[in-house]
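# Reading the structure
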Amino acid sequence: MERKEQLYTGKAKSVFITESKDHLVLFFRDDTSAFDGEKIEQLDRKGMVNNRFNAFIMERLEAAGIKTHYERLLSDTESLVKRLDMIPVECVVRNIATGSICKRLGVEDGLDLQPPTFEFFLKDDERHDPMINDFHIRTFKWATDEEVEQMKVLTFEVNQVLSGLFREAGMILVDFKLEFGRFNGSLLLGDEFTPDGCRVWDVETREKLDKDRFRRGMGQVVESYELIASKLGIDMAGPVTG
Ligand code: TMP
Ligand code: ASP
């Protein structure tokens, strides 16, 4: 399926309509953003690496019975997805405390979170994605109570599946962000899963392998994404079929 005009441009991806009203093309760009778009740079190969990375993760999630918007790879930098009615809320699960939770709650960086914790944020860069709770979602009608419950259950299911995958490959899935949307009456995962939207540490050295390298100016950003991919056994040069 070919992309037609652009529907929307995000910080790292552009979204195009297609001849099918139920499908969109995601184009993964090399742009890399942090701090709600305050810091943006182009990183060579990142679009391709993230597109392939995302495809691998979405296929694993589907195989584990988690329904996602993902259909298939279209090219090195493009994927076909279902067109969802998006819920403007970000779901974060944390297995280890780092990032905003440490600033907000004063908890120690690197603390093991047992059980893993969950947070909702409003998707609103201008307001720096404020933390919200179930009551805000209900009052402002961003989602129904049933959808709120489903988002929590699905995000923890994704955590279960992917934490195991990363652990087996010698890495810790520290935290991640997901978004959901509606398609023909059911709730589907409607987000990419790449090192841009999660934190991953080496299990032995606890070295940061994800976008924190970019946020903190540590360098070797795409190289590190490629290292995560190779540890997971992702083939960056496999054929684009379908
Ligand atoms: P945080 O520590 O900044 O709240 O981020 C938690 C995790 O969620 C981290 O893996 C980054 C990811 N995340 C995004 O990718 N985009 C966002 O807008 C937010 C709020 C978090
Ligand atoms: N994804 C958000 C941004 O680009 C937040 C972040 O990752 O720091 O600006």
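Structure report, in brief. Please read all numbers here as calculations on a predicted model, not as lab measurements.

## A short note on the environment of E223
Note on placement: E223 falls in helix α6 (residues 221-232). Given a relative accessible area of 39%, E223 falls into the partly exposed group. Sequence separation between E223 and N95 is 128 residues, and the spatial gap between their C-alpha atoms is 24 Å.

## Some words on the packing of aromatic side chains
To describe a pair of aromatic rings, you give the distance between the ring centres and the angle between the ring planes. For the structure shown, the criterion picks out five aromatic pairs. A ring pair is formed by F118 and F120, whose centres lie 4.8 Å apart and whose planes are at 85 degrees; its orientation type is edge-to-face. Accessibility expressed as a relative area gives 3% for F120, which makes it buried. Joined through ring pairs, the aromatic side chains of F118, F120 and F156 make up one cluster. Above the ring of F27, the side-chain terminus of R3 is found at 4.9 Å from the ring centroid. The ring centre of F214 lies 4.6 Å from the NZ or CZ of K39, which sits over that ring.

## Quick notes on unusual backbone geometry
The linkage connecting Q114 with the following residue, P115, adopts the cis geometry, with an omega of -5 degrees. Mapped onto the elements, P115 comes out in strand β10 (residues 112-122). Positioned with a positive phi, H128 is a non-glycine residue whose angle comes to about 60 degrees. Following the sequence through the fold, H128 ends up in the loop between β10 and β11 (131-132). With a phi close to 45 degrees, N184 is a non-glycine residue in the positive phi region. Within the secondary structure, N184 is located in the loop between β13 (180-183) and β14 (186-189). What makes N184 exposed here is its relative accessible area of 70%.

## Here's the deal with the sheet that holds strand β1 (residues 6-9)
Spatially, five strands are ordered β1-β2-β3-β7-β6 in an open sheet, and the strand pairing comes out antiparallel. Where the open sheet ends on each side, the last strands, each with one partner, are β1 and β6 (70-73). Each strand of the sheet is rotated relative to its neighbour by a mean of 25 degrees, with strand direction disregarded. Bridge count for strand β2 (residues 13-17) against strand β3 (residues 23-28) is five bridges, and the pairing is antiparallel. Looking at β3, one finds that F16 is bridged to V25. Relative to β6, helix α1 (residues 46-63) is tilted by about 135 degrees, and along the sheet it contacts β3, β6 and β7 (78-82).

## Notes on the pairing of β7
Within β7, four of the five residues are buried, which leaves the element mostly enclosed by the surrounding structure. The pairing of β3 with β7 spans five bridges and is classified as antiparallel. Across the sheet, the residue bridging to H23 is K82, located in β7. Linkage of β6 to β7, two consecutive antiparallel strands, is achieved through a turn of four residues.

The rules behind these values
- The written sequence of each chain sets the order in which its residues are numbered from 1.
- Chain letters and ligand numbers both follow the written order, the letters beginning at A and the numbers at 1.
- Totals for whole chains, interfaces and linings use all residues, but because this is a predicted model, local features are given only for residues with pLDDT of at least 70 and pairs of side-chain atoms are given and counted only at 80 or more.
- Hydrogens and water molecules were not included; the side-chain quantities draw on all heavy atoms of the structure.
- Per the convention used, a helix needs a DSSP run of H or I reaching at least four residues, while a strand needs a run of E reaching at least two, with both numbered from the N terminus.
- Partly exposed describes any residue whose relative accessible area lies between the buried limit of under 20% and the exposed limit of over 50%, with all areas from a 1.4 Å probe on protein chains only and scaled to the type maximum.
- Here is the rule: rings of Phe, Tyr and Trp (six-membered ring for Trp) pair when centre to centre is within 6.5 Å. Planes less than 30 degrees apart are stacked, more than 60 are edge-to-face, and the remainder are tilted.
- We call a charge positioned over a ring when the NZ of a Lys or the CZ of an Arg lies within 6 Å of the ring centre and within 35 degrees of the ring normal.
- At least two DSSP bridges between two strands are needed for those strands to be called paired.
- Whenever a helix is involved, its axis is fitted only over the stretch in contact; in every case the axis is a line through C-alpha atoms, and angles between N-to-C directions fall within 0 to 180 degrees.
- Residue contacts are defined here by distance: any two heavy atoms, one from each residue, within 4.5 Å place the two residues in contact.

Taken by themselves, the reported measurements are silent on function.
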